[in-house]
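Descriptive analysis of the structure
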Amino acid sequence: MKLRRRLSLLCAGLLLGLLTIYFMRGPLTHAAVTSGLQRAGAGDIKVEVAHATPWSVQLDNLAFKIKAQFFAASRVTMERAHWWQPTLGVVRVEGARVPVTIDGSGTNPYAWTSYAGETRADGDVLKVPIDTLSIDGQLIVRAASHEQPLTLKFEAKPAEKNTWSGTLQATGPGIVFNAKATYGLRDQRLAFHTTAITVELKPWQDFIQRLMVLPLGPWTMEGQLTGAISGTYVEQKFAMEGRIQLVQGKLQNAAGNIIIAGIAADFPFTDLVHLQSSPGTFRVQELRVGEIVANAVDAELTFLSSEHLAVKRMTLNILGGTMAAEPFNLALERQELEAVVLVDNLDVEKILALSKDVPAKASGRVDGRLPLRLDEHGLRLGTGWLQLKKGVYAEMRLSAAGLITSGMSPNNTSYVVMKRVENGLLQLKLGALRLDVRPPDAQRGQTARLHLEGDPVDPSVKAPVILDLNVNGPLEQLLNFGFKNNVSFGQGK
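The structure displayed is predicted, hence computed values, not measured ones.

The next subject is helix 5 (residues 415-422). Those residues of helix 5 that sit buried are Y415, V417, M418, V421 and E422. Burial along helix 5 is one-sided: seen end-on, the buried residues are contained in an arc of 160°. Where helix 5 terminates, the next one or two residues include G424, which has phi positive at roughly 80°.

What follows is the structure, encoded as structure tokens:
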């Protein structure tokens, strides 16, 4: 009788326990989920238990933070074939929503010193036995006031011992990003590589300019980026490298006076986190700066950081000849460019065609060396020179009354001939032509000095002309870069 009574009490207790578990399965599941997330470092946890049995669990409206990083999902389900199996089975996350700020305009979620989690996340959540984990939802990319959702699909499962493997797909307007990854539970090392990358610049131009300051911007962007990236994440540090290529690129600044079209670039990045690269190539079909048009731009340059570039070489075709830049560094955050340009075989007629203020027409070719600076104020030339190319025939016709004869006596034997020269009635065959830009010994207000030597093309006129002319005021205005018209020409001698 005592044994029977004990068995009856035991059965009643078991039944009562089972009934308690059955009726309390929701609160117990809620407590277990909350405790597990807290162990993973989560805080501000919100969750609704919609369904719970030993074979399946459904959670709705899950939300929590790890440090300052927010995570949310509309539904999480866990299903397993047998209730006694030591696994959560197949875990599916639907309606996931993960915001990520990429430009530092928000709180860095992984460097926040105080947060609502009890312990630091250390990978324990991945040590829980799971058959497969799948996540469908959105990755919300943010930069200042800009926000763009990406469709996110992720699947992972245990592979070898203490190792997980997974795939990621992120798609959105003008972007495709697919990757594979492995994660070691023992060393907590994430290794990944991309299987597909395509980014159209136009939908993402605002985000790009939040990450990289481009001089003379803002810019409108077109083109397509492709490439391959691989990297690791260990001890809260990312390391990434890869090759990035751009085709059919186009840039245009807001003022519309700078257009770069037909851009093709290829860069092997050694550190994508800090945007550092080995030397890469940058080519442009057409470059327009004001009234200047250049073609076949070909450069070799290196990314030193997101804001510093080292240009090893740059060549382009312009004004009927070529220009080549000496090696220079470009600081993007300073919104300016300084370089020394070597000029070869430029067409004088095309140079003068840029200006309506030069009182002369000429033909011929020039070489030279010109330091220049380009910033929000336009172009400024430094101390340099242009001179007539040796062995090239050149002519000039002046149209500046008084330029030569204003200081000459009418009784001078050359007066009549010089009068005809300055009025454009006699064309000169040039033997020498040199323009010194901002010479070191220039007087105040003087920006250039022109020296020319020539003879009238008409062989019947014997009157050699040697002319030294000072240019006062901003020389750049002569090239029609939009400066105010306050250039003047001093008297020749």
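Once the structure has been displayed, the description carries forward.
A few words on unusual backbone geometry. Residue E235 is not a glycine yet carries a positive backbone phi of 50°. Mapped onto the elements of the fold, E235 is located in the loop between strand 10 (219-234) and strand 11 (237-253). Among the residues examined, E235 registers a relative accessible area of 69% and is labelled exposed. Look at N345: it is not a glycine, yet its phi comes out positive at around 65°. Among the secondary structure elements, N345 is positioned in strand 19 (residues 337-347).

Attention now goes to the pattern of salt bridges. Taken as a whole, this structure holds 16 salt bridges when the rule is applied. Among the ionic pairs, K389 bridges to D367, the shortest N-O distance being 3.2 Å. Residue K389 is found in the loop between strand 23 (384-388) and strand 24 (395-398), and its partner D367 is found in strand 21 (residues 365-375); the two are separated by 22 residues along the sequence. Take K389: its relative accessible area is 22%, and that puts it in the partly exposed class.

Here we come to the pairing of strand 8 (residues 175-184). Bridge analysis of strand 7 (residues 163-172) against strand 8 gives 10 bridges, and the strand direction is antiparallel. Paired with A170 across the bridge in strand 8 is F177. Between strand 7 and strand 8, which pair antiparallel and follow one another directly, the connecting turn spans two residues, one of which, G174, has a positive phi of 70°. Here 10 bridges tie strand 8 to strand 9 (residues 189-200), and the two strands are oriented antiparallel to one another. Bridge pairing in strand 9 links Y183 to L190. Counted along the chain from strand 8 to the antiparallel partner strand 9, the turn is four residues long, and its residue Q188 has a positive phi close to 50°.

The rules behind each value
Residues numbered from 1 in each chain as written. Predicted model: local features only at pLDDT ≥ 70, side-chain atom pairs only at ≥ 80, totals over all residues. Heavy atoms only, no water. Buried < 20%, exposed > 50% of the residue type's maximum accessible area, 1.4 Å probe, protein only. Helix = DSSP H or I, 4+ residues; strand = E, 2+ residues; numbered from the N terminus. Arc of directions from axis to C-beta. Salt bridge = Lys/Arg side-chain N within 4 Å of Asp/Glu carboxyl O. Pairing = 2+ DSSP bridges.

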